[in-house]
Amino acid sequence: RVARLYAPAVHGLALATFLGWLIIAAAEWQTALLNAVAVLIVTCPCALGLAVPMVQVIAAGRLLRRGIFLKSATALERLADVNMVVFDKTGTLTLGKLRLLPGAASEHDVRRAASLAAASRHPLARALSAAAPDAVVADGVEEIAGQGLRATIDGEEWRLGNRTWCGVADAEADSAPDPELWLQGGGAALCFRFADELRPDAIEILAALKERGIALALLSGDHKAAVGDVARRLGIDQWQAECSPADKAARLAELAGAGRKVLMVGDGLNDAPALAAAHVSASPASAAEVSQMAADAVFQGARLQPVIELLDVAERADRLVKQNFAFAFCYNAVTVPLAMLGFVTPLIAAAAMSCSSLLVIANALRLSRAAGRASA
């Protein structure tokens, strides 16, 4: 945007310098041309051209060293505007390394459920599959995002998923806060419950986000008891349970309409539409492939610290870009009039232009040095 105005302005100033010296100062055309060339050289937009990409390259390198991969060229700019973070629950706020808890289900029931679960990469489905590793994957399993799995076995439809998908009324199920899957088919519905743990720094990171004045929300497809329990433990006031992918996307649209610049952090198949709909999005490396494709950034590890790192680097990068622009314009505001008045030769102009580029690069490198101090 700046370049569209900068280029014609610079050439206009050079032409004005040439004509001014030729007509007003009655100088020889060689002198007029020399001063016009000096204007062109001193205004060579190297500093201006380096102001943004130099900062972005250094910021992307810093994040990569921290295990965070930026997938979008505009992610840093959008991250700098974030005033709200919306999280998914399972696999995002929690580790997603679930284990099946003992229950009323028989070994045969577990194997039947595992034959459906083996067709999905959802954390709950993977945990159920791990409980019966020798189960054979059922044929024709269909996965409905945000709902569950279904397949026709021996002429009868079987479903594995949330309680609504399996036709279980809330009155029929207890309010235990553990994540759950229900199996429906061939009789009464069976409930499988799982143990999951919060990410080790989840409480600390969410508290840090609150201190920065960033609003928090939790959107999950899990049942109310499980989502409410995690929200309470993490101090999240805004939460919504039993969300379908469309529900999540609709909620993000509502937040955007209310002026919220949302960073969506999610990992599941049902998070992909929300990740795409958010102002900017991030996903853990353990996420489903479709979620990683939809996200603007992907981070590794079992901690949520990369969320803070993303926001910190984006804020510093935005500040450095603005400083570089300010320096580039101040430099031109001082040197261009001097060149137009004939006080700057082409040689001096070339030296000044090179120094301005070096200063912009040095300013951008402060972001990398800050990263080194943080690592130390």
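Residues numbered from 1 in each chain as written. Predicted model: local features only at pLDDT ≥ 70, side-chain atom pairs only at ≥ 80, totals over all residues. Heavy atoms only, no water.

## Some points on the nonpolar core
Here is step 1: Counting residues in hydrophobic clusters, the biggest one holds 45 residues, and the most contacted among them are Val85, Phe87, Leu93, Leu209, Leu263 and Leu304.
Here is step 2: Counting residues per element, this core draws most heavily on helix H14 (residues 305-340), at 9 residues.
Here is step 3: Not counting residues up to four positions away in its chain, the partners in contact with Leu93 are Phe87, Asp88, Leu198, Arg199, Ala202, Leu206, Leu218, Val230, Leu234, Ile236 and Leu304.
Here is step 4: Membership of the second largest hydrophobic core comes to 22 residues, among which are Ala114, Ala125, Phe192 and Phe194. (Core = buried A, V, L, I, M, F, W, Y, C linked by side-chain atoms within 4.5 Å. Buried < 20%, exposed > 50% of the residue type's maximum accessible area, 1.4 Å probe, protein only. Helix = DSSP H or I, 4+ residues; strand = E, 2+ residues; numbered from the N terminus. Contact = heavy atoms within 4.5 Å.)

## So, empty space enclosed by the protein
Here is step 1: Applying the stated criterion to the full structure yields 2 cavities of 30 Å³ or more.
Here is step 2: Looking at the largest cavity, its volume works out to about 450 Å³.
Here is step 3: Lining the largest cavity are 32 residues, with His122, Leu124, Gly146, Gln147 and Asp222 sitting closest to its centre.
Here is step 4: Listing elements by their share of the lining of the largest cavity, those giving two or more residues are helix H8 (123-131), strand S4 (142-144), strand S5 (148-153), strand S6 (156-161) and strand S7 (180-184).
Here is step 5: Ranked by the residues each element gives to the lining of the largest cavity, the list is headed by H8, at 3 residues.
Here is step 6: Split into classes, the residues belonging to the lining of the largest cavity amount to 9 nonpolar, 14 polar and 9 charged.
Here is step 7: Looking at the second largest cavity, its volume works out to about 40 Å³.
Here is step 8: Taken together, Tyr6, Cys44, Pro45, Cys46, Ala47, Leu48, Ala328, Tyr331 and Asn332 make up the full set of residues lining the second largest cavity.
Here is step 9: Of all elements in the fold, only helix H3 (46-51) and H14 reach the threshold of two or more residues within the lining of the second largest cavity.
Here is step 10: Its residues assigned to classes, the lining of the second largest cavity comprises 8 nonpolar, 1 polar and no charged. (1 Å grid on protein atoms, 1.4 Å probe; cavity = no way out; pocket = protein on both sides within 12 Å on 5 of 7 lines; lining within 4 Å. Points joined across faces, edges and corners; volume = space filled by probe spheres on them. Nonpolar A, V, L, I, M, F, W, Y, C, P; charged D, E, K, R; others polar.)

Structural measurements only, silent on function.
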